[in-house]
Amino acid sequence: MVMDGEREDGGRRRETPEEGNVPDELHVIQELVGVIESVAQFGDYRRTQKRECSGIVRRMKLLLPLFDEIRDLDKPIPESGIAWLCKLKKALISARKLLKSCNEGSKIYLALESEAVMIKFSAVYENFSQALDGFPSDELEISDELKEQIELMCVQLRRARKRTDTQDIELAMDMMVVFSKKNDRNADSAIIERLAKKLGLHTIEDLKIETIALRNLVRGRGGQNAETTQQIIDILNKFKQIAGMELTNVLDDPVMPKMLEKCPSLMIPHEFLCPITLEIMTDPVIIASGQWCEKNNFQLPKKPASQVQESSSVEHKEQISSLVEKLSSSMLEVQRKAVKKIRMLSKENPENRVLIAEIGGIPPVVQLLSYPDSKIQEHAVTALLNLSIDEGNKKLISREGAIPAIIEVLQKGNIEARENSAAALFSLSMLDEVKITVGSSDGIPPLVDLLQNGTIRGKKDAATALFNLSLNQANKARAISAGIVPPLRQLLKDRNIGMVDEALSIFLLLASHPDGRQEIGELSFIETLVEFIREGTPKNKECATSVLLELGSKNSTFILAALQFGVYEHLIEITRSGTNRAQRKANAVLQLIRTSEQIP
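Residues numbered from 1 in each chain as written. Predicted model: local features only at pLDDT ≥ 70, side-chain atom pairs only at ≥ 80, totals over all residues. Heavy atoms only, no water.

(A) Focus on the overall build of the protein. Within the protein, the regular secondary structure consists of 32 helices and zero strands. For the protein, contacts bridging at least 24 residues in sequence account for 70% of all contacts bridging at least 6. As displayed, the protein offers around 29,300 Å² of accessible surface, 50% of which is attributable to carbon and sulfur atoms. (Helix = DSSP H or I, 4+ residues; strand = E, 2+ residues; numbered from the N terminus. Contact = heavy atoms within 4.5 Å. Areas by Shrake-Rupley, 256 points an atom, 1.4 Å probe, with all protein chains shown as cover.)

Structure (structure tokens):
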């Protein structure tokens, strides 16, 4: 016989007036452990989110000793403890969902939408932090060591909730160059190859898996954002060319999933498979063979009810429509709250960005840029930054005449508004016509000022914008005239800031312009390049060698100067142990040296 309050397996069962109202504490703990153990099975994550994913997984695993102590308590857990465990479980499940997408999702999409994904990480941090903040430490007899660990984790999560800077600025730059349709550098296969390796898409197996992930992405989007989807398909095809694969229609090319490869007895006709998802179609039409699924004893999954979703979608659209109307209100506080909400919604997901634009939200947001209220300016420019993530919105924002207004905020706004203005100009200047507009509207001098005097985040935002704008030849001259060289040199000196590669990447662009070569081609700069070639990180060496090659290919004097600083032996070392691109650049410099007959 089992006594009340006990179970045959030795565990405890909560005594409650109404059975089933309060979850069994051991069952909840086991579910929490199960969530963490399932996450541990995911393995590796996409490169662009690897650091964030690893941090979340590490923190989740740190909770396991806590669950062990709670499970070993000598008395029942109070209701507050059970409630806390349930809240924590929701936070962990939310984290697992995001981790799964970063484990299985399209690598190209996750890199392209890295900022939007980072917003999702911020939401996970928020949920995780709120759950831990409610930890009933006084009611649970937990060791002091674990209590301190939970407190430390709360502090770390509060820090992580803040905006995370771009993890790999060069990756972002490579993505930008490869996605550009008109820029000559688009034809540089070395950039495409480097990007493929950074994203882990350089083997045939990698590319087959990416193809399946891309089809799942298309299905989930339901036909929206077709332009961005086509961009992703285009770059995937470029990767396939590099890998020597035959180019076919990505959405039609049959790639058999491993689950079917392992099950040869299950021979499903190709016509039954959706060309996008490679799954059994839930609403097939008659095919040439005349078969149907019922005849083959295959049960189709039931279609989910869509009425609730449609109702929710209508309400959401009405909410956004109401906010857009309030942007033009005569009451300042109403406008301020509305544009702040638009800013938040435009951060959440691609669908919101499209919907806000379709409802007509972009023109009134642009108009708010000229308001004297600093917070309205900040919210407006940040909303435009978020909205500009969508390729179609970039054109709409540009056509509304937003560029001069954004530049004015960049010049006169508060620090966060200035930083986000720079980020917005970077995003919008993916369009060639915007590069021209920013340059002709005196947008480069305030970016140079932010590069020199801004916070680290401001410097990074300014650097990405200036790099993008300097892909335009006329803007290179404007950047040089605006005094970009001294702050770039300072970034090479202040290595603790961590922007050496960014500075060298911009120097590489400037070196292709006659004014740039004249401005940077001093002996001290050549000596600095040789220092990075000698003792920099692998990426430093790659970038510095590229700059030297660009300078030396136009004027052999730069090569002679580098030889005086002992560059030859370091170039030889790079050809043996450098990155693939660094090896190519080093060999090219060595060829210049031999052509100049400086080395026999």
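There is more to say after this.
(B) Quick look at helix α29 (residues 538–554). For α29, which comprises 17 residues, the first-to-last C-alpha distance of 25 Å matches the rise-based estimate of 24 Å (1.5 Å per residue) to within 8%. Among the 17 residues in α29, 13 count as buried, and that is most of the element. (Expected span 1.5 Å × (residues − 1). Buried < 20%, exposed > 50% of the residue type's maximum accessible area, 1.4 Å probe, protein only.)

(C) Quick look at the packing of aromatic side chains. Under the criterion given, the structure shown has three aromatic pairs. On the basis of an interplanar angle of 55 degrees and a centroid distance of 4.8 Å, the ring pair of W84 and F135 is categorised as tilted. One end of the pair, W84, is in helix α4 (residues 79–104); the other, F135, is in the loop between α6 (114–133) and α7 (144–160), and 51 residues separate them in sequence. A ring pair is formed by F121 and Y125, whose centres lie 6.5 Å apart and whose planes are at 35 degrees; its orientation type is tilted. Of this pair, F121 and Y125 both sit in helix α6, four residues apart, which is roughly one turn of the helix. Its relative accessible area of 2% is what places Y125 among the buried residues. (Phe/Tyr/Trp six-rings, centres within 6.5 Å; stacked < 30°, edge-to-face > 60°.)

(D) Structural view of unusual backbone geometry. Positive phi is not limited to glycine here, since D442 has a value of about 60 degrees. Assignment of secondary structure puts D442 in the loop between α21 (432–440) and α22 (444–453).

(E) Local environment of the pattern of salt bridges. Within the structure shown, the criterion is met by 18 salt bridges. Across the pair R336 and E333 runs a salt bridge whose closest N-O atoms are separated by 2.3 Å. One end of the pair is R336 and the other is E333, both in helix α14 (residues 332–348) and three residues apart, which spans about a single turn. Assessed through its relative accessible area of 38%, E333 is described here as partly exposed. For E550, the salt bridge identified is with K554, shortest N-O distance 2.9 Å. With E550 and K554 both in helix α29 and four residues apart, this pair spans about one turn of that helix. Connected via shared salt-bridge partners are R343, K375, E378 and E416. (Salt bridge = Lys/Arg side-chain N within 4 Å of Asp/Glu carboxyl O.)

(F) Quick look at the nonpolar core. The biggest cluster of nonpolar side chains holds 93 residues, and the ones touching the most others in it are I484, L488, F507, F525, L529 and L551. Sort the elements by how many residues they give to this core and helix α26 (residues 500–510) lands first, with eight residues. A domain-level breakdown of this core finds at least three residues from each of domain 3 (314–427) and domain 4 (521–599). Here L551 is in contact with A511, R517, I520, F525, I526, L529 and F558, once residues within four sequence places are set aside. (Core = buried A, V, L, I, M, F, W, Y, C linked by side-chain atoms within 4.5 Å. Domains from an automatic or database assignment.)

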